[in-house]
Amino acid sequence: MTDQLLELLTTYGLPALFGAMVLAAAGLPFPSSLTLIAMGSFVAQGELSFWPVVLSGAGGAVLGDQIGYAFGRYGGRPLLAAVTTRIGGADKVAQAETYSRKWAGWGIFFSRWLIGPLGPWINVTSGLTQYPWGWFILLDVAGELLWLLIYVSLGRQFSDQVQTVASLLGNLTWVVVGLLAAGFLGWKLFGKRKAEVTSEVTV
Amino acid sequence: MTRDRMWRRLLIAMFVAVVAFTGYHAARTVSDAIYWNAHRDEPIKRWMTIGYVAHSYHVPPHVLHRALNLPPAPDRRPLGRIAQDTGQTMTQIDGKLTYAIVHARPPYPPPAPPSRSSPPTSAKP
């Protein structure tokens, strides 16, 4: 499946790259990092040029991210409102929104290039919590450009070992995601324990 | 209280799962790095072009063009498309390319031994 998709990219070049990036950013499972590294390799071999690859890839990704954002804002939000009016929990949602506003900026920026698998989710939650669109697109463009620059450059540099480099980066990304999740859960566990201890002391 | 305890147990279970997941991917990252460092050959896939295979395996492209009975002019089609156009399977393409690569690489033909003059042994494709 992956190979067939990549075959389309090799055949149709930049327009296919743009389309693939739109779909990947909107959340469809697509081997986008392998694609970008392969594109970098084709740049190294002189079959494609660096900047057109970077710009069409980033352009597609930014467009795909807007789809996720719009889905959260115009599709998810009314749905959430309907659910909260029926079963309650509006205060919890408001709490989540404040939390999200505080951290979403970092999340948007880093999920573009460092923790890519979280990207599509963060797009939707950004829309859902009405994160300001101006800021969203600014951080989005910066992050996606950085992603394209890093991955295409790596592909260009290590152009003869595309699959190995892509696999390494993929695993490394999951390590980063895992460490973040472990850190968060650990903090929750320790925080809880501390809170319990202090409450016991005060009682 | 029991609810708190359950919640805590769930958190611990999630924490353990996440740590295991992270460890697994860390191990795979290390193995990829070793693989990369050893610079082993990557399997030939249908999305690759002849140019990419030649580049990755460090052989001149014309060797691969000849192996597939194609003119030596640059061919940007992916191998999957070449297979389709020439009525071959990817396995056949892969086999022909691998055979040509093995026979185009430095250890082949093997260098003659300095003292005795024995004919080069034929290696299996």
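Residues numbered from 1 in each chain as written. Chains lettered and ligands numbered in written order. Predicted model: local features only at pLDDT ≥ 70, side-chain atom pairs only at ≥ 80, totals over all residues.

### A short note on the interface of chain B and chain A
Across the contact, 31 residues belong to chain B and 29 residues belong to chain A. Contributing elements (two or more residues each) for the side of chain B that touches chain A: α1 (2-38), α2 (50-57) and α4 (79-86) of chain B. Per element, the largest residue contribution to the side of chain B that touches chain A is 17 residues, and it comes from α1(B). Residues of the side of chain B that touches chain A, tallied by class, amount to 14 nonpolar, nine polar and eight charged. (Contact = placed C-beta atoms within 7 Å. Helix = DSSP H or I, 4+ residues; strand = E, 2+ residues; numbered from the N terminus. Nonpolar A, V, L, I, M, F, W, Y, C, P; charged D, E, K, R; others polar.)

### Some remarks on helix α5 (residues 90-104) of chain B
Residues and elements named next belong to chain B. The terminal C-alpha atoms of α5, which comprises 15 residues, lie 21 Å apart, in line with the 21 Å expected from a rise of 1.5 Å per residue. Taken residue by residue, α5 has Ile93, Leu97, Ala100 and Ile101 as its buried positions. Angularly, the buried residues of α5 cover 100° about the axis, an arc narrow enough to put them on a single face. Residues of α5 that are buried make contact with α2, α3 (61-67) and α4. (Expected span 1.5 Å × (residues − 1). Buried ≥ 20, exposed ≤ 12 C-beta atoms within 10 Å, placed from the backbone. Arc of directions from axis to C-beta.)

### Points about the nonpolar core
Counting 46 residues, the largest nonpolar core has Ile37(A), Met39(A), Val152(A) and Val53(B) as the members making the most contacts within it. Elements with a minimum of two residues in this core: α1 (2-25), α2 (32-44), α3 (50-87), α6 (133-157) and α7 (162-202) of chain A together with α2, α3 and α5 of chain B. The residues contacting Met39(A), other than those within four sequence positions of it, are Leu17(A), Leu48(A), Val53(A), Val152(A) and Gly155(A). With seven residues, the next largest nonpolar core counts Ala104(A), Ile108(A), Phe136(A) and Leu139(A) among its residues. (Core = buried A, V, L, I, M, F, W, Y, C linked by C-beta atoms within 7 Å.)

These figures capture arrangement, not role.
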